[in-house]
Amino acid sequence: MTEPDQKSGVTIHIRNVSKVFGADGDKPFRALKPIDVTIPAGQFISVVGASGCGKSTLMLMIAGLLSRSTGEITVDGRSVTKPITDVGIAFQDHLLLDFRTAFENVMLHADIRGLDRDTLARRAKDLFAQLRLEHAMDKYPNQLSGGMRQRVSLIRTLVHEPPVILMDEPFGALDALTRLQVRTDLESLWLRRRPTVVFITHSVEEAVGLSDRILVMSPSPGEVIDDIEVDLPRPRPIVLGDAAAFAAYVDRIHHQFERMGVLHGITLPQQSAA
Ligand SMILES: Nc1ncnc2c1ncn2[C@@H]1O[C@H](COP(=O)(O)OP(=O)(O)OP(=O)(O)O)[C@@H](O)[C@H]1O
Ligand SMILES: [Mg+2]
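Everything quoted here is computed from the prediction, not taken from an experiment. (Residues numbered from 1 in each chain as written. Chains lettered and ligands numbered in written order. Predicted model: local features only at pLDDT ≥ 70, side-chain atom pairs only at ≥ 80, totals over all residues. Heavy atoms only, no water.)

What to know about the site of ligand 1
Around ligand 1, the neighbouring residues are Phe21, Phe29, Ala31, Ala50, Ser51, Gly52, Cys53, Gly54, Lys55, Ser56, Thr57 and His202. Within the contact set of ligand 1, an oxygen atom lies 2.5 Å away from a side-chain nitrogen or oxygen of Ser51. The separation between an oxygen atom of ligand 1 and a polar side-chain atom of Thr57 is 2.6 Å. Relative to its unbound accessible surface of 640 Å², ligand 1 loses 58% to contact with the protein. Put simply, the parts of the chain that give the shell around ligand 1 at least two residues each are β2 (29-39) and α1 (55-62). No other element matches the 3 residues that α1 contributes to the shell around ligand 1. Partitioning the shell around ligand 1 into residue classes produces 5 nonpolar, 6 polar and 1 charged. (Near = heavy atom within 4 Å. Polar contact = N/O pair within 3.5 Å; in protein donor to acceptor, adjacent residues only side chain to side chain. Areas by Shrake-Rupley, 256 points an atom, 1.4 Å probe, with all protein chains shown as cover. Helix = DSSP H or I, 4+ residues; strand = E, 2+ residues; numbered from the N terminus. Nonpolar A, V, L, I, M, F, W, Y, C, P; charged D, E, K, R; others polar.)

Considerations on the domain arrangement of the protein
What the domain assignment reports for the protein is domain 1 (1-86 + 164-274) and domain 2 (94-161). Taking only C-alpha atoms into account, the centre of domain 1 sits 25 Å from that of domain 2. On the domain 2 side, the residues contacting the 16 residues of domain 1 number 15 residues. Between domain 1 and domain 2 lies a buried interface of about 1,400 Å² when both sides are counted; carbon and sulfur atoms form 58% of it. For the pair domain 1 and domain 2, the interface holds 4 salt bridges. Across the pair Asp185 and Arg132 runs a salt bridge, and its minimum N-O distance is 3.9 Å. Viewed at the interface, domain 2 and domain 1 are joined by 7 residue pairs in polar contact (both at pLDDT 80 or more). Going through the elements one at a time, β7 (164-168) and α6 (176-193) are the ones with two or more residues in the side of domain 1 that touches domain 2. Looking at the side of domain 1 that touches domain 2 element by element, the count peaks at 9 residues for α6. (Domains from an automatic or database assignment. Contact = heavy atoms within 4.5 Å. Buried area = accessible area lost by both parts, 1.4 Å probe. Salt bridge = Lys/Arg side-chain N within 4 Å of Asp/Glu carboxyl O.)

Some words on the packing of aromatic side chains
Tallied over the entire structure, the rule returns 3 aromatic pairs. The interplanar angle of 85 degrees and the centroid separation of 5.6 Å between the aromatic rings of Phe44 and Trp190 together place this pair among those described as edge-to-face. Pair noted here: Phe44 is in strand β3 (residues 44-48) and Trp190 is in helix α6, with a separation of 146 residues, a long-range link. Phe44 gets classed as buried once you look at its relative accessible area, which sits at 0%. (Phe/Tyr/Trp six-rings, centres within 6.5 Å; stacked < 30°, edge-to-face > 60°. Buried < 20%, exposed > 50% of the residue type's maximum accessible area, 1.4 Å probe, protein only.)

Rendered as structure tokens:
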């Protein structure tokens, strides 16, 4: 494994951050209880929790796209008071522009961020090659499959080498097989320079397969009820070598969901200590 160079991730501090929507109106809604998390530079952290527990809300606040009701967030020591720019963001919807080829979609950063076209083009071609997508570079999004579009979107998220990557259910719309491929691609790209990644997923297996650490959230209003270090070797095979250890992490999270009433009426294995 090659050592990351200096353009790797930065630390994110989340201190006493909570969110109440509509606090000014007559029906305020508490979406998040206070959250305290420090995400060390270069960590790959996943957030799992029931639908509506506040995962996207938390991510939008880290990105500076949504105001906090309390608390402070710093990224690389700087307080987040407006949308952060040195970031790669990926949502469930790939959001490629129909009138640009795959390559020109990735090159969007040159126009938006004023980055050097030659440098960006070199990195883009390198990433297309690494994901074995060279043949897709000059195609338009409507000529690509959903999986290919999502992988082009992944390249666009990473090509400007941001120190922070925020991903909200990026693979949710993919079939299971493509999802495995993109997950492998994401891990290998992350290993190359170790940006700090906050990854939201509904798939517990995907979280364990990708993460250094997993935050388990309670149902709404969300709070962090478990904080799990995932000590498994990398790169992680799709079928993990030490399957028992993998399963122990998955079981621990499923048991948490059962305890909170997110999962019920299903048969879970005896709890093991992950
Ligand atoms: N702008 C808003 N105004 C009022 N309530 C909101 C707003 N955005 C989100 N909410 C509410 O806050 C709660 C948390 O929403 P959020 O989108 O963060 O959940 P989530 O964990 O991302 O869910 P999912 O897994 O379904 O994406 C939900 O009850 C949602 O309805
Ligand atoms: Mg969400």
